[in-house]
Amino acid sequence: AKNIVVIGGGQAGAQAVQSLRQFGYEGAITLVGDEAALPYQRPPLSKAYMKGELAEDRLYFKPAAWYEDNKVETLLSQRVKKIDRANRQVLLQHGGHLDYDAVIIATGSRPRPLPVEGADLENVFELRGLSDVEHIQPKMISGQKLVIVGAGYIGLEAAAVARQLGLEVTVLEMEQRALARVTSPVISSFYEALHMEHGVDVRCGARLGSLKGKDGKLTHAVLASGEEIEADMVLAGIGIIPNVELAEDAGLPCKNGIIVDEDARTSDPRIFAAGDCTVRPLAHYARTGRLESVHNAIEQGKLAAAAIMGKPRPALDCPWFWSDQYNIKLQIAGLSQGYDEIVVRGDVEAKKFAAFYKKNGRLIAVDAINSPPEFIASKRLIMSGASVASETLADTSISMKEIAA
Ligand code: FAD
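Asks: Tell me what's going on with the overall build of the protein, and back it up with residues and numbers.
Replies: Check the secondary structure of the protein and you find 11 helices and 26 strands. The globule rule puts the C-alpha radius of gyration for 405 residues at 22 Å, and the 22 Å found for the protein is close to it. With the principal axes as the frame, the protein shows a C-alpha extent of 65 × 60 × 35 Å. Expressed as a percentage of its 405 residues, the buried residues of the protein come to 52%. Sequence-distant contacts, at least 24 apart, represent 60% of the contacts inside the protein between residues at least 6 apart. Of the charged side chains in the protein, 45 are positive and 51 negative, and the gap between their average positions amounts to 5 Å.

Given below as structure tokens:
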């Protein structure tokens, strides 16, 4: 009988398992995950769930019964330590092995550790999984002083939750603006102002030097400038490192991610990879890249399952992402990297606008703030590769529906 081993029980691994059954695969599936929990969604961990507004059972993609009914064996709290390609076996950390006909590596990524002295003090946290929230949440008490390192999406979302729970929040960002790695200055300024309006002390150009404590417990965040900021807790959100080690050790080509083709296949025809850990061809962008998103994990999970089953390649969506902060919903379509023009549509003051990114006259991405129609229409425009006049995009008297028609 055939056996497919899925390594990693996150967004991509869970999708791959579901898609394999949907596509009619009837052989054995073993999902090996090193977390204690069944596969769950991570986005709410820095949003509604962190705030206490979403029950834990809502995080899970499928209940335990689904895995039983669908004959998916789940090995939880179990790590894969090696892929032995010569013998077609996956070796488990706690001993034993699994034979495979195909493997899907869906190992995701891990938070980049804070590269400073004191990072191991008590009350210094990172945010990737449910167990992190279990540690952080009891400390999210009104009046506590929280220092967030890194003004990326996760850091800013956590800042918004913490402010809403009444904590005193400082955000340290070593770049000159928030979200510098992922968006344009228009959007960065918008979010800096938004957080300051809500009482967050946003410090750009502020590099963390070290963390200081007393009796092993955190007391201060110390900036490179020498300035000390009182802190009851620190949350680090300074980016992720893709978990490529298994692939690398197995001799599969990696470069800041496991290199896969259009079908999520690695250089070994029996080994696929999906999600945060991959570098993939970017369908609408004529280049490769590593994406860190739900959309990407779902899409590649499906691609891998389809390829294993010899099914036609599922249709590819343009990359998308979202972020919730306070009452602001940001929806991103496309990849803005390399844009040569920005067009703003709508009213920044009213917190309802979109920033369109163009390259050579074509729309390549949008950041839509409280503007779902702009997001939806842009997806279509990006995928069609159509040229759109900037004056048209900026003209709110013309509906997005008309523009995308
Ligand atoms: P993961 O979901 O990380 O799953 C990988 C799993 O593999 C993990 O459980 C890991 O522990 C396990 N694993 C690793 N190595 C091994 C091994 N050797 N053996 C066994 N198991 C192993 N994306 C969005 O699109 N929108 C958002 O709003 C958004 N918000 C986010 C908020 C937070 C707090 C976080 C952390 C992420 C957010 N993301 C968001 C990103 C999104 O969740 C990830 O891109 C997505 O989870 C990637 O899926 P994945 O399956 O590749 O990796």
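Asks: Mind laying out the confidence of the model for the protein, listing which residues take part and the relevant values?
Replies: Of the residues in the protein, 100% have a pLDDT of 70 or more, and the chain-wide mean is 97. Model confidence for the complex is summarised by a pTM of 0.98, with the ipTM given as 0.99.

Asks: Describe the sheet that holds strand β3 (residues 72-75), and please don't skip the residues or the numbers.
Replies: In space, the five strands of this open sheet follow the order β3-β2-β1-β7-β19, with parallel pairing throughout. Only two strands of the sheet have a single partner each, and these edge strands are β3 and β19 (271-273). Each strand axis lies, on average, 20° off the axis of its neighbour in the sheet, ignoring direction. As judged from the four bridges shared by strand β2 (residues 28-32) and β3, these two strands associate in the parallel manner. Residue pairing for β3: L31 is matched across the bridge by T74. Here helix α1 (residues 11-22) sits on the sheet and contacts β1 (3-7), β2, β3 and β7 (102-105); the angle it forms with β2, its principal contact strand, is near 170°. Of the strands in this sheet, β1, β7 and β19 are in contact with helix α8 (residues 294-308), which crosses β19 at around 160°.

Asks: Any details on the pattern of salt bridges? Residues and values, ideally.
Replies: Here the idea is simple: oppositely charged side chains can pair when their charged atoms come close. Overall, the coordinates contain 19 salt bridges when judged by the stated rule. D276 is the partner of R128 in a salt bridge, and the nearest nitrogen-oxygen pair spans 3.1 Å. Pair noted here: R128 is in the loop between β9 (124-126) and α4 (130-136) and D276 is in the loop between β19 and β20 (278-282), with a separation of 148 residues, a long-range link. Looking at D276, the relative accessible area reads 10%, which means it is buried. Two residues, D201 and R203, come together in a salt bridge whose shortest N-O distance is 3.1 Å.

Asks: Tell me about the pairing of β7, and name the residues and values.
Replies: Side chains A102 and I104 project from β7 onto one buried face, and the interleaved V103 and I105 project onto a second face that is buried too. Two strands pair when backbone bridges link them, and β1 and β7 are joined in this way by four bridges, in the parallel orientation. Paired with I4 across the strands is A102, a residue of β7. Sheet analysis places β7 next to β19, joined by three bridges and oriented parallel. Bridging from a neighbouring strand, V103 pairs with I271 of β19.

Asks: Give me the lowdown on the site of the ligand, citing residues and values where you can.
Replies: Taken together, 33 residues are adjacent to the ligand, and D34, E35, K47, R128 and D276 come closest. Here an oxygen atom of the ligand and a side-chain polar atom of K47 are 2.6 Å apart. R128 is positioned with one of its side-chain polar atoms (N or O) 2.7 Å from an oxygen atom of the ligand. When isolated, the ligand has an accessible area of 1,000 Å², and the protein chains bury 96% of it. Listing elements by their share of the shell around the ligand, those giving two or more residues are α1, α8 and β22 (320-325).

Asks: So what about the sheet that holds strand β5 (residues 89-92)? Which residues, and what values?
Replies: Taken together, the three strands give an open sheet; going across it, the order is β4-β5-β6, and neighbouring strands pair in antiparallel fashion. Lying at the two open borders of the sheet, with one neighbouring strand each, are β4 (80-84) and β6 (97-99). Across the sheet, the axes of successive neighbouring strands diverge by a mean angle of 20°, strand direction being ignored.

Asks: I'd like to hear about the packing of α1 against α8, residue by residue, with values.
Replies: A pair of packed helices can be characterised by two numbers: the angle between their axes and the separation between those axes. At a closest axis distance of 8 Å, the pairing of α1 and α8 adopts a crossing angle of 35°. Read as a crossing pair, α1 and α8 show a hand that is right-handed. Here Q11, A12, Q15, A16, S19 and L20 of α1 lie close against α8, whose contacting residues are V294, A297, I298, G301, K302, A305 and I308. Looking at the contact of α1 with α8, its residues break down into eight nonpolar, four polar and one charged.

Asks: Can you break down the nonpolar core residue by residue, with the values?
Replies: Of all hydrophobic cores here, the largest spans 67 residues; its most connected members are V169 and Y191. When residues of this core are assigned to their parent elements, the largest contribution, seven residues, is made by helix α5 (residues 153-164). When residues no more than four places from it in sequence are discounted, the contact partners of V169 are L146, I148, A159, A162, R163, G199, V200 and D201.

Cut-offs applied
Residues numbered from 1 in each chain as written. Predicted model: local features only at pLDDT ≥ 70, side-chain atom pairs only at ≥ 80, totals over all residues. Heavy atoms only, no water. Helix = DSSP H or I, 4+ residues; strand = E, 2+ residues; numbered from the N terminus. Rg over C-alpha atoms; globule rule 2.2 N^0.38 Å. Buried < 20%, exposed > 50% of the residue type's maximum accessible area, 1.4 Å probe, protein only. Contact = heavy atoms within 4.5 Å. Lys, Arg positive; Asp, Glu negative; His and termini not counted. Charge placed at Lys NZ, Arg CZ, Asp CG, Glu CD. pLDDT = per-residue confidence, 0-100. Pairing = 2+ DSSP bridges. Axes fitted to C-alpha atoms, helices over the stretch in contact; angles between N-to-C directions. Salt bridge = Lys/Arg side-chain N within 4 Å of Asp/Glu carboxyl O. Near = heavy atom within 4 Å. Polar contact = N/O pair within 3.5 Å; in protein donor to acceptor, adjacent residues only side chain to side chain. Areas by Shrake-Rupley, 256 points an atom, 1.4 Å probe, with all protein chains shown as cover. Left-handed = near helix turned anticlockwise from the far one by under 90°. Nonpolar A, V, L, I, M, F, W, Y, C, P; charged D, E, K, R; others polar. Core = buried A, V, L, I, M, F, W, Y, C linked by side-chain atoms within 4.5 Å.

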